[in-house]
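# Structural features, examined
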Amino acid sequence: MAEAVERKPVLEMVQADGTDGSCVTFVLHDEDHTLGNSLRYMIMKNPEVEFCGYSITHPSESKINFRIQTRGGLPAVEPFRRGLTELVDVCQHVLSTFEANVKEYKAQGEATMD
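An unreviewed UniProt entry lists the chain under the name DNA-directed RNA polymerases I and III subunit RPAC2, with Pelusios castaneus as the source organism. For the record of the chain, the UniProt heading Subcellular location (unreviewed entry) holds the text "Nucleus".

This is the structure in structure tokens:
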């Protein structure tokens, strides 16, 4: 019988002992600069975020350490969730705009061939 393959979690939350939830490091597995930089940009647009940065531990590892520090006692999880949601919205807008333009281009090509 095949053994069950243990799956690594995609996301881990690391918080130093004795700190509140306003300063947290998120570890994102199997990700790189593509997600790291765009997510950092989206999160830094939030005025309640004091610091947001990421680092890739080693070039041979596909793991990001993503750190968020907020002002006013806001839990760092909130801007992280909001940033992910806003990034998904932006990606969806780009995809739908691209698909609409491809459809329009193909329609123009068919019209000129008639």
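Structure shown, so let's carry the discussion forward.
### Digging into the sheet that holds strand β3 (residues 49–56)
Across a sheet, strands are paired by hydrogen bonds formed along the backbone, either parallel or antiparallel in direction. The strand order β1-β2-β4-β3 describes an open sheet built from four strands, whose pairing is antiparallel. In this open sheet, the two edge strands, each paired with only one partner strand, are β1 (11–14) and β3. Here the strands of the sheet are splayed against their neighbours by 20 degrees on average, with no regard to which way each runs. Across seven bridges, strand β2 (residues 23–29) lies against strand β4 (residues 63–70) in antiparallel orientation. The residue of β4 that forms the bridge with Val27 is Asn65.

### A word on the environment of Thr57
Among the secondary structure elements, Thr57 is positioned in the loop between β3 and β4. Relative accessible area serves as the criterion here: at 34%, Thr57 is assigned to the partly exposed category. Sequence separation between Thr57 and Asn101 is 44 residues; the distance between their C-alpha atoms is 39 Å. Ignoring any residue separated from it by four or fewer positions in sequence, one finds Thr57 in contact with Lys63 and Asn65. Of the polar contacts made by the side chain of Thr57, one reaches the side chain of Glu61; its length is 2.4 Å.

### Examining unusual backbone geometry
For Asp30, which is not glycine, the phi dihedral falls at a positive 60 degrees. For Asp30, the position within the fold is in the loop between β2 and α1 (33–44). Of the residues examined, Asp30 reaches a relative accessible area of 55% and is grouped as exposed.

### Some points on the UniProt feature "domain: DNA-directed RNA polymerase RBP11-like dimerisation" (unreviewed entry) in the chain
Under the present numbering, the feature "domain: DNA-directed RNA polymerase RBP11-like dimerisation" (unreviewed entry) in UniProt falls on residues 23–96. Along residues 23–96 the backbone is 43% helical and 31% strand, and the end-to-end C-alpha distance reaches 36 Å.

### Topic: the nonpolar core
Ranked by size, the top nonpolar core spans 16 residues in total, and within it Phe26, Leu39, Ile43, Cys52, Phe66, Ile68 and Phe80 carry the most contacts. Secondary structure elements with two or more residues in this core: β2, α1, β3, β4 and α2 (77–113). Ignoring any residue separated from it by four or fewer positions in sequence, one finds Cys52 in contact with Arg40, Ile43, Met44, Phe66, Arg67 and Ile68.

### Examining the pattern of salt bridges
In the structure shown here, the tally under the stated rule is two salt bridges. Among the ionic pairs, Glu78 bridges to Arg81, the shortest N-O distance being 3.7 Å. Taken together, the residues span about one helical turn, with Glu78 and Arg81 both in helix α2 at a distance of three residues. Residue Glu78 is classed as partly exposed on the basis of its relative accessible area of 40%. Linking Glu86 and Arg82 is a salt bridge whose minimum nitrogen-to-oxygen distance equals 3.0 Å. Placement of the pair is Glu86 and Arg82 together in helix α2, with a separation of four residues, close to one helical turn.

Conventions used here
Residues numbered from 1 in each chain as written. Predicted model: local features only at pLDDT ≥ 70, side-chain atom pairs only at ≥ 80, totals over all residues. Heavy atoms only, no water. UniProt positions renumbered as here; feature names shortened; annotations may be inferred. Pairing = 2+ DSSP bridges. Helix = DSSP H or I, 4+ residues; strand = E, 2+ residues; numbered from the N terminus. Axes fitted to C-alpha atoms, helices over the stretch in contact; angles between N-to-C directions. Buried < 20%, exposed > 50% of the residue type's maximum accessible area, 1.4 Å probe, protein only. Contact = heavy atoms within 4.5 Å. Polar contact = N/O pair within 3.5 Å; in protein donor to acceptor, adjacent residues only side chain to side chain. Core = buried A, V, L, I, M, F, W, Y, C linked by side-chain atoms within 4.5 Å. Salt bridge = Lys/Arg side-chain N within 4 Å of Asp/Glu carboxyl O.

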